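# Architecture and fold: a report
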Amino acid sequence: MAEVKLIGMWASPFVRRIQVALELKGVEYEYVEEDLANKSELLLKYNPVHKKVPVLVHKGKPIAESLVILEYVDETWKNNPILPKDPYQRANARFWARFIDEKCRPALWQAVWGKGEEREKAMEEACQNLKILENELKNKKFFGGESIGLVDLTGNFITHWFVDVIEEAAGIELVTKEKFPILWKWVDEFVSCTPVKKNLPNKEKLVEYFRAGFSSGSWKY
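Per chain, the residues get numbers from 1 upward, laid out in the order the sequence is written. Reporting of local features is limited, given that this is a predicted model, to residues whose pLDDT is at least 70; pairs of side-chain atoms are given and counted only at 80 or more, and all residues count toward the totals for whole chains, interfaces and linings. Think of the side-chain values as coming from all heavy atoms in the structure, minus any hydrogens and water.

### What to know about helix H10 (residues 203-216)
Given a rise of 1.5 Å per residue, 14 residues ought to cover 20 Å, and the 20 Å separating the end C-alpha atoms of H10 matches this to within 8%. Any two residues whose heavy atoms approach within 4.5 Å at even a single point are treated as in contact. Helix numbering and strand numbering both begin at the N terminus, where a helix is a DSSP run of H or I of at least 4 residues and a strand a DSSP run of E of at least 2. In the core, the buried residues of H10 are packed alongside helix H4 (87-113) and helix H7 (156-170). We define a polar contact as two N or O atoms separated by no more than 3.5 Å, with the added condition that, inside protein, one atom must be a possible hydrogen donor and the other a possible acceptor, whereas residues neighbouring each other in sequence contribute only through side-chain atom pairs. One side-chain oxygen at the N-terminal end of H10 lies 3.1 Å from the backbone nitrogen of Glu204; it belongs to Asn202. Working rule for helices: expected span equals 1.5 Å times residues minus one.

### Comments concerning the UniProt feature "domain: GST C-terminal" (unreviewed entry) in the chain
UniProt positions are given in the numbering used here, feature names are shortened, and annotations may be inferred rather than shown by experiment. This chain's UniProt record puts "domain: GST C-terminal" (unreviewed entry) on residues 86-209. A helix fraction of 74% and a strand fraction of 0% characterise residues 86-209, whose end C-alpha atoms lie 41 Å from each other.

### What about the nonpolar core?
In terms of nonpolar packing, the biggest core is built from 74 residues, with Leu56, Leu108, Leu133, Phe162, Val175 and Phe210 touching the most fellow members. Here this core takes eleven residues from H4, the largest share from any one element. In contact with Leu133, not counting residues within four places along its chain, are Trp96, Phe99, Ile100, Cys104, Phe143 and Ile158. Grouping buried Ala, Val, Leu, Ile, Met, Phe, Trp, Tyr and Cys residues that are joined through side-chain atoms within 4.5 Å yields what is termed a nonpolar core. Exposed residues in this analysis have more than 50% of their type's maximum accessible area, buried residues have under 20%, and partly exposed residues fall in between, with area computed by a 1.4 Å probe over protein chains only.

### Points about the packing of aromatic side chains
Each aromatic ring pair is specified by the distance between its two centres and by the angle formed by the two planes. Each Phe, Tyr or Trp ring, with Trp reduced to its six-membered ring, pairs with another whose centre is within 6.5 Å; inter-plane angles below 30 degrees give stacked pairs, above 60 give edge-to-face pairs, and intermediate values give tilted ones. Evaluation of the coordinates by the stated rule reveals nine aromatic pairs. When the ring of Phe95 is compared with that of Trp96, the centres are 5.1 Å apart and the planes differ by 90 degrees; the resulting orientation is edge-to-face. When the ring of Tyr209 is compared with that of Phe210, the centres are 5.5 Å apart and the planes differ by 80 degrees; the resulting orientation is edge-to-face. One exposure class covers both Tyr209 and Phe210, and it is buried.

### Description of the side chain of Lys5
Residue position: Lys5 is located in strand E1 (residues 4-8). Exposure remark for Lys5: the relative accessible area of 8% places this residue in the buried category. Within the structure, Lys5 has its side chain in polar contact with the side chain of Glu30 (distance 3.0 Å). Non-local contacts of Lys5, meaning those with residues more than four positions away in its chain, are made with Glu30, Val32, Leu42, Val55, Leu56 and Val57.

### What to know about the environment of Gly213
Relative to the helices and strands, Gly213 is located in helix H10. In sequence terms Gly213 and Ala169 are 44 residues apart; their C-alpha atoms lie 9.3 Å from each other.

### Concerning the packing of helix H1 (residues 13-25) against helix H3 (residues 66-76)
Simply put, an axis is a line fit to the C-alpha atoms, just over the touching stretch for a helix, and the angle between two N-to-C directions goes from 0 to 180 degrees. Following both chains from N to C, one finds H1 and H3 inclined at 5 degrees, their axes separated by 9 Å at the closest point. When the axes of H1 and H3 are compared, the pair comes out roughly parallel. Listed contacts from H3 to Phe14, Arg17, Ile18, Ala21, Leu22 and Lys25 of H1 are Ser66, Leu67, Ile69, Leu70, Val73 and Asp74. Any residue outside Ala, Val, Leu, Ile, Met, Phe, Trp, Tyr, Cys, Pro, Asp, Glu, Lys and Arg is labelled polar, Gly included; the first ten of those are nonpolar and the last four are charged. Per-class residue counts for the contact of H1 with H3 are eight nonpolar, one polar and three charged. Roughly parallel refers to an angle under 35 degrees, roughly antiparallel to one over 145, roughly perpendicular to one between 65 and 115, and oblique to any angle outside these ranges.

### A short note on the environment of Asn139
Looking at the element boundaries, Asn139 is found in the loop between helix H5 (116-137) and helix H6 (150-154). On the basis of relative accessible area, Asn139 is assigned to the exposed category, the value being 80%. A sequence separation of 45 residues divides Asn139 from Arg94, and the C-alpha atoms of the two residues are 20 Å apart.

### Quick word on a negative patch on the surface
Distance thresholds for patches are 9 Å for like charges and 5 Å for nonpolar side chains (Val, Leu, Ile, Met, Phe, Trp, Tyr), applied to residues having over 30% relative accessible area and no salt bridge. For every accessible area listed, the method is Shrake-Rupley and the probe measures 1.4 Å; residues are considered covered only by the protein chains on display. Every case where a carboxyl oxygen of Asp or Glu lies within 4 Å of a side-chain nitrogen of Lys or Arg is listed as a salt bridge. Here the positive residues are Lys and Arg and the negative ones are Asp and Glu; neither His nor the chain ends is included. Think of each charge as sitting on NZ of Lys, CZ of Arg, CG of Asp or CD of Glu. A cluster of acidic residues, Glu117, Glu120, Glu124 and Glu125, forms a negative patch at the surface. Tracing the backbone through its elements, the reader meets Glu124 in helix H5.

### Considerations on unusual backbone geometry
Cis rather than trans, the peptide bond between Val53 and Pro54 has omega equal to 5 degrees. Locating Pro54 in the fold gives a position in the loop between helix H2 (41-46) and strand E3 (55-58). Backbone geometry places Lys51, a non-glycine residue, at a positive phi of 55 degrees. Note on placement: Lys51 falls in the loop between H2 and E3. Despite not being glycine, Glu65 shows a phi value in the positive range, around 75 degrees. Summarising the element assignment, Glu65 is placed in the loop between strand E4 (61-64) and H3.

See the structure below:
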């Protein structure tokens, strides 16, 4: 068995967060593709609580949930840190990572899925949240400064997934360059980095995947 194993699903931004982090750290690992419609015994064994990907298995011990895994990776492999050393800056990074996962991502999803007034409200909330993110980013190259950090990795859903794929698949236009110039500059910087670029799923395949999800009313990632 490989010392490091990652159980994932190709279309998942949460899994890709971990792949980029491992790439940044130079960690070799075995990747195991999971069929979420027919969950394997391996996934159920290593993540019996949530039964979701990603799951990182290190020396036979499983770690679940992408933000938890990112911190574990950073604490285990010290090179190319993802989190700052300063306690206040670390706490701040955790705050913004949770803001993206708990506020930005749900509002963006609702802006896609919602109907009528509910959708309008979600679009307004999503734009407000993204403006808050822009204010935090300001003139920095990345949220982590000059290098990719925890907040950038957490925000990967906004980059390739939402801006490049989901808007096209859903036929909407929300995160435009005119509305969010600072965020768009960050998106370009992020997806241009080699560790990120190497771990982005094929755009056409991803658009097709999400279009099928919109048609059926559900998907798993």
